[in-house]
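# Overview (structure and organization)
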Amino acid sequence: MLATSRNFETAARAGLANDNLQRALGLARTGFPLRRRLAVERLPEFEALRDAGRSIKDHTLQHLDFYLEFYEGQVIASGGKVHWARTSQEACAAVLQICRSAGAKIVTKGKSMVAEEVGLNEFLEVNGITPVETDLGEYIIQLRREPPSHIIAPAIHLVKEQVAETFRAEHRSFDPDRPLFEPRQMCDEARAVLRPRFLAADVGITGANFLVAETGSSIIVTNEGNGDLTQTLPRIHIVMTSIEKLVPTFEDAATLLRLLARSATGQEFSSYTTISTGPRQPGDLDGPEQYHVVLLDNGRSAMIGTEFQEMLRCIRCSACMNHCPVYAAVGGHAYGWVYPGPMGAVLTPSLIGIEETGHLPNASTFCGRCESVCPVKIPLPKMMRHWREREYAKKLSPPVYRSGLSVWAWVARRPALYHSFAEIASRVLGWAGGGRGRFRALPLAAGWTRVRDMAAPEGRSFHSLWEQRMKSGAGR
Amino acid sequence: MSETRERILADIRNSLGRGRLDATVDTELRARIARHRRNLVPGRATALDGQGRVELFITMAEEVQATVTRVSSPTAVPEAVARYLAAENLPAELVMAPDPGLEKIPWSTWPLLRIRRGRAEPEDRVSVTPCHAAIAETGTLMLVSGAQAPTTLNFLPETHIVLVRADQVVATYEDGWDRLRIGKAPEVLPRAVNFITGPSRTADIEQHIELGAHGPRRLHIVLVENGQATRSEENEQYSAPAGR
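Conventions used here
Residues numbered from 1 in each chain as written. Chains lettered and ligands numbered in written order. Predicted model: local features only at pLDDT ≥ 70, side-chain atom pairs only at ≥ 80, totals over all residues. Helix = DSSP H or I, 4+ residues; strand = E, 2+ residues; numbered from the N terminus. Buried ≥ 20, exposed ≤ 12 C-beta atoms within 10 Å, placed from the backbone. Contact = placed C-beta atoms within 7 Å. Rg over C-alpha atoms; globule rule 2.2 N^0.38 Å. Axes fitted to C-alpha atoms, helices over the stretch in contact; angles between N-to-C directions. Parallel < 35°, antiparallel > 145°, perpendicular 65-115°, else oblique. Nonpolar A, V, L, I, M, F, W, Y, C, P; charged D, E, K, R; others polar. Domains from an automatic or database assignment. Pairing = 2+ DSSP bridges. pLDDT = per-residue confidence, 0-100. Arc of directions from axis to C-beta. Core = buried A, V, L, I, M, F, W, Y, C linked by C-beta atoms within 7 Å.

### Structural notes on the overall build of chain B
A tally of helices and strands in chain B yields six helices and 12 strands. Per-residue burial for chain B yields a buried fraction of 47% across its 244 residues. The contacts of chain B with a sequence gap of at least 6 include a subset with a gap of at least 24, amounting to 77%.

### Comments concerning the overall build of chain A
Along chain A, the regular secondary structure elements total 23 helices and 12 strands. Computed over its C-alpha atoms, the radius of gyration of chain A comes to 25 Å, within 12% of the 23 Å expected for a compact globule of 476 residues. With respect to the principal axes defined by its C-alpha atoms, chain A has extents near 85 × 60 × 45 Å. Here chain A holds 476 residues, and the buried ones make up 51% of them. Considering only residue pairs separated by 6 or more positions, chain A has 74% of its internal contacts joining residues 24 or more positions apart.

### What to know about the packing of helix α4 (residues 64–77) of chain A against helix α1 (residues 2–16) of chain B
A pair of packed helices is captured by two measures, namely the crossing angle of their axes and the spacing between those axes. Packing of α4(A) against α1(B) leaves a shortest axis separation of 9 Å and a crossing angle of 155°. One way to sum up the angle between α4(A) and α1(B) is to call them roughly antiparallel. Facing α4(A), whose interface residues are Leu64(A), Asp65(A) and Leu68(A), α1(B) presents Leu9(B), Ile12(B) and Arg13(B). Looking at the contact of α4(A) with α1(B) residue by residue, the classes come out as four nonpolar, no polar and two charged.

### Some points on the domain arrangement of chain A
One can read the domain layout of chain A as domain 1 (32–301), domain 2 (305–399) and domain 3 (404–471). The distance between the C-alpha centroids of domain 2 of chain A and domain 3 of chain A comes to 29 Å.

### A word on the sheet that holds strand β4 (residues 126–130) of chain B
Residues and elements named next belong to chain B. Spatial strand order, β1-β12-β7-β4-β2-β3: six strands in an open sheet with parallel pairing. Of all the strands in the sheet, just β1 (67–71) and β3 (114–117) have a single pairing partner and so form its edges. Ignoring which end each strand starts from, the neighbouring axes of this sheet average 25° apart. One ladder, built from five bridges, connects β4 with strand β7 (residues 159–165); its direction is parallel. By the bridge assignment for β7, Thr-129 is matched with Val-162.

### Some details on the confidence of the model for chain B
Considering every residue of chain B, the mean pLDDT works out to 91; 91% of them sit at 70 or more. Note on residues 234–244 of chain B: pLDDT is under 50 here. Beyond four places in sequence and across chains, it has 34 contacts.

### Some remarks on helix α9 (residues 160–170) of chain A
Residues and elements named next belong to chain A. Taken together, the buried positions of α9 are occupied by Val-163, Ala-164 and Phe-167. Looking straight down α9, one finds that the buried residues subtend no more than 100° of arc, so they occupy a single side. Its buried side turned inward, α9 meets α8 (136–143) and α10 (183–200).

### Re the domain arrangement of chain B
Interfaces are often sized by the accessible area lost when the parts come together. Segmentation of chain B into domains returns domain 1 (1–35) and domain 2 (44–235). A C-alpha centroid distance of 41 Å is found between domain 1 of chain B and domain 2 of chain B.

### A short note on the interface of chain B and chain A
Between chain B and chain A, the contact holds 64 residues from the first and 83 residues from the second. Those elements giving two or more residues to the side of chain B that touches chain A turn out to be α1, α2 (23–35), α6 (173–181), β9 (192–196) and β10 (201–202) of chain B. Examining the composition of the side of chain B that touches chain A, we find that 10 residues originate from one element, α1(B), more than from any other. Looking at side-chain class alone, the side of chain B that touches chain A contains 27 nonpolar, 21 polar and 16 charged residues.

### Overview of unusual backbone geometry
Even without glycine at this site, Phe366(A) takes up a positive phi of about 55°. Topologically, Phe366(A) is positioned in the loop between α17 (359–362) and α18 (369–373). The exposure class of Phe366(A) is exposed, given the 11 C-beta atoms found within 10 Å. The phi dihedral of Asn89(B) falls on the positive side, at around 60°, and the residue is not glycine. In this structure, Asn89(B) sits in the loop between α4 (77–87) and β2 (93–96). Take Asn89(B): there are 6 C-beta atoms within 10 Å of it, and that puts it in the exposed class.

### Some thoughts on the nonpolar core
All names here are of chain A. Core analysis: the biggest nonpolar cluster contains 186 residues, and Val-95, Val-294 and Val-346 have the highest contact counts within it. With nine residues, helix α12 (residues 250–264) is the largest single contributor of residues to this core. Setting aside chain neighbours within four positions, we find Val-294 in contact with His-83, Ala-85, Ala-91, Ala-94, Val-95, Ile-238, Val-239 and Met-240.

### Thoughts on the pairing of strand β4 (residues 203–206) of chain A
Residues and elements named next belong to chain A. What you see with β4 is no split at all: Val-203 and Ile-205 on one side and Gly-204 and Thr-206 on the other are buried throughout. The sheet contact formed by strand β2 (residues 106–109) and β4 spans three bridges and is parallel. By the bridge assignment for β4, Val-107 is matched with Val-203. When β4 meets strand β7 (residues 236–242), the two strands line up parallel, connected through four bridges. Looking at β7, one finds that Thr-206 is bridged to Val-239.

Now the structure itself:
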């Protein structure tokens, strides 16, 4: 997928001014965090499970070469095939080759962020194969030719009126006067449209939430059942996935599964958790004749051993973006690539470079909610800071930020000077703030004060108050 | 392709700052897989006895809009199924898994039920399947594919009826998985293991939860309190390969 992360600032502004987007985000802003909290409160072991989940992923990453080889051996033993891909191009080429060998015309797809990452749909279309997204959200945005704006709720940026409009424009065989006002009606219409496509498809492509080394299995976690129809009905099942999805055993997967649905949608368990191992077996009455896994690296192996390795623990639950004030304000499209929100702000620069994506790790208030809800305890704010450091070191940030930061750093490294500056500044600002205790406008900070007031200092710095407190003996 | 494979593995080892793992670590990791030790397992269901597990399973399944009928013995199943279909205004026509356990149920006592055995076809509206286990902690059904249990039955029809024996209700996912591992042959897992928790649903339009997105709109569980008679041994035992 082509990145537009460079335009974050303009896209974010457009998002803030988009009424439909703001209405849609308003529904998500409260719903996701509430449902997650209720689910977490019901499970006393949740905190301890987060630690267990983190250890499983860390252990696997530390021995990833071993687990990948073991996994591949088991896929082959169960009659499947693994296609290794270093880049998006290699992954797309592997899928195309499988589709061509089967003479495939129609390909159904379950939701796969890796497929979005490699731009699979565009690639297949150019090569004369029709990809049909079957997850309701993915289907809607495919009709609208839009990228997903959320990793588990891809059409979260839309309101139902927009969906109805899209269906009316695209589903031309339906009565133009049909009622299409409620999600129920739209859901039924999509079901009716997609059912024959499931049955007609030659190849079904799904993602994988986990890969199990022990058994060579892939696991998908879904609610709609589209992923299961996608991988059960066609002659060929292709799993589009990436190397960090490995876990050693089913027991390890079970621990992460207990974290996933609760963190994502606040469900105790998703409707369908399906563990697939190889193709149809002798005697089976259904299931695909071929089972392929396309295993993508695309920059992940290079993250191992760096300060960004922990990002590879991510299980794509979306809790970080569901709890992010920046995401909730601007929506997912502003981030300009496949992965939005805090996890995207760390992962996107790792995968496509900080040059294109410098805005993303800066688009954070560092409130820390993302880290506090992450089921595998990824230190997202810390890693965004690492990206800011790299951006600074590579001289990629705007000159005015850089000179401002240099001045601040010069002063901050001289404590005596810093304290006297701080003391004077707080007195002056405290005086200038008058009795109101806040500023409507500040010179050099118009960008900040245009949309909010700045609190005025109370006249004394923390350091001087602390000094006084220690002198009076109250601090002992 | 194998060149790509070698390069990815080399890149990973390079990032980890080491070469191939030495034999000792390799053996340890194989042993870790073979042990498949459980991690922390929530206590919600593990402390319960059989009856307690059944009650929790039903509570959790109903919470996610599955419906449950309890019957005392396999002989009561045909009537329970027929009554459910009538109440839901569904035709008395089913496609059923060709499972030896299900065959032991006296379906002929309810002659109005028309039953076809096999995989699901697009026109089928109601399916009946057995399950491998039922998991109390989240009200989850565990179904495994096989010659006697086609996977299409779980997803194509609008209504999915699952027969659960009380002695199939286990506490956790791991307990269900152990039931797959116990035993000898075959060496490979069934192609599909489906954990099913309530009917199909979506919240993709304005976060509004709608049932029956693509899979079944209804998931009905017939729980047989005393169902030993319907056990089908050959369908129960698999073992996963433990290290190679």
